[in-house]
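One letter stands for each residue in the lines below.
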Amino acid sequence: MAQAPTIPLLSPYKMGNFNLCHRVVLAPLGRSRSYGNVHQPHAILYYSQRTSKGGLLIAEATAISDSTTLGYPNTPGIWTKEQVEAWKPIVDAVHAKGGVFFCQLWHAGRVSNQDFQPNGQAPISSTDKPLTVEGIDGAHFTPPRRLRTDEIPQIVNDFRIAARNAIEAGFDGIEIHGAHGFLIDQFLKDGVNDRTDQYGGSVENRCRFALEVVEAVANEIGADKVGIRLSPFADYNESEDSNPKALGLYMAESLNKYGILYCHMVEPRWKMTGEKSESPYSLLPMRKAFKGTFLVAGGYEREDGNNAIAENHTDLVVYGRLFLANPDLPKRFELNAPLNKYNRDTFYTSDPVVGYTDYPFLEDTS
Ligand SMILES: Cc1cc2nc3c(=O)[nH]c(=O)nc-3n(C[C@H](O)[C@H](O)[C@H](O)COP(=O)(O)O)c2cc1C
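Residues numbered from 1 in each chain as written. Predicted model: local features only at pLDDT ≥ 70, side-chain atom pairs only at ≥ 80, totals over all residues. Heavy atoms only, no water.

Caption draft 1: How the structure looks around the nonpolar core. Tyr-47 and Phe-209 are the most contacted members of the largest nonpolar core, which has 97 residues in total. Here the element with the most residues in this core is helix H5 (residues 203-221); it accounts for ten residues. Those residues in contact with Phe-209 that sit more than four places away from it in its chain are Ile-152, Ile-155, Val-156, Phe-159, Leu-183, Ile-184, Phe-187 and Tyr-199. Grouped together as the second largest cluster of nonpolar side chains are eight residues, Trp-106, Ala-108, Phe-141 and Phe-182 included. (Core = buried A, V, L, I, M, F, W, Y, C linked by side-chain atoms within 4.5 Å. Buried < 20%, exposed > 50% of the residue type's maximum accessible area, 1.4 Å probe, protein only. Helix = DSSP H or I, 4+ residues; strand = E, 2+ residues; numbered from the N terminus. Contact = heavy atoms within 4.5 Å.)

Caption draft 2: Examining the environment of Glu-212 more closely. Along the chain, Glu-212 turns up in helix H5. Apart from the residues within four sequence positions on either side, Glu-212 is in contact with Ile-152, Val-156 and Tyr-199.

Caption draft 3: Representation of unusual backbone geometry in the model. A positive phi angle, close to 60 degrees, is found at His-180, a residue other than glycine. Within the fold, His-180 resides in the loop between strand E8 (173-178) and helix H4 (183-188). For Asn-312, which is not a glycine, the phi torsion comes out positive at approximately 60 degrees. Mapping Asn-312 onto the fold places it in the loop between helix H8 (302-310) and strand E12 (316-319).

Caption draft 4: Structural context of the site of the ligand. Surrounding the ligand, one finds 17 residues, the nearest of these being Pro-28, Gly-30, Arg-229, Gly-299 and Arg-321. One of the backbone nitrogen or oxygen atoms of Ala-61 is found 3.1 Å away from an oxygen atom of the ligand. Residue Arg-321 places a side-chain N or O atom 2.8 Å away from an oxygen atom belonging to the ligand. Expressed as a share of its isolated accessible area of 610 Å², the protein-covered part of the ligand is 92%. Residues that form the shell around the ligand fall into these classes: eight nonpolar, seven polar and two charged. (Near = heavy atom within 4 Å. Polar contact = N/O pair within 3.5 Å; in protein donor to acceptor, adjacent residues only side chain to side chain. Areas by Shrake-Rupley, 256 points an atom, 1.4 Å probe, with all protein chains shown as cover. Nonpolar A, V, L, I, M, F, W, Y, C, P; charged D, E, K, R; others polar.)

Worth remembering: the numbers are spatial, not functional.
Laid out in structure tokens, this is it:
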């Protein structure tokens, strides 16, 4: 006999056409183990370990095209037949265990380096202002080239094709990566976007590119299969806005027009240092404005995740580092079991096992 759920995180939820058995979502987590931008068989085990029946998983940031996307080495892509084929057994493994799997579609924009670009060209962005910070392992970023207005439809189209490829690979849907200072965020935020065309200036203009991507992707695969991730309050990758609340609200309200499945927002307390900090802001106005399923991420643990659901501040809670280190996180939350600690040193190393598929399950440790 089925047991009644004991905690809000473990209660079922109907997300559009998907019947989720619980609210504990795997965050998109880039792991830099896709050699040559193609997923390797070790990813089958990694994702399958983190799958539970009726659980939602969001795959790591996945590059949409060769020319302008690759901000980091060994990130997976989804623009070639080979990449699509490499995703298939991973998606199959997640489905075999009853998981619901979304692919995060990503364009790094200026968070890149000319070594990753064809012909050593400059990365593209909304701006030609360079980043002043350094990347992982001290990688430096090449000053970007500002996209011409007439080039923007091509990038929108790249997202559209990538979404189609994701469905071809078997994914249940896609998440547009509009967060963390990558290309879409470089358009959204007035601290970066200094354009004078219809893609810059007012909040409406700065959101135009993001919404064109939403529309194109929704038309291609169906709005019921589309989510978007946004981080209006974050300043990650030097992408900051002078009025993040207005920006977040404008996006939440505008997304309603397209009827997309979900809006996934990063908590204001999740700052660039990658740690929790106090913030006077809240996602509540955006949660109230958006009519679809709402997801929150950033520094959540068991107790505040339960509270967020119990207080109806969100529908689902997304877990990054805790899920990375605890493949059976929903089970551990259910039992209130102790958690494995994550090891930051192996987040982005390329080993196919260490720090990737070797975090123990509860039954291995008890
Ligand atoms: C190793 C690592 C890789 C990440 N990769 C991505 C990514 O590919 N896409 C993304 O939107 N966020 C990425 N993030 C951010 C997480 O999805 C999440 O928002 C963040 O870790 C905060 O949640 P947490 O406190 O539960 O870890 C990454 C975080 C970590 C630690």
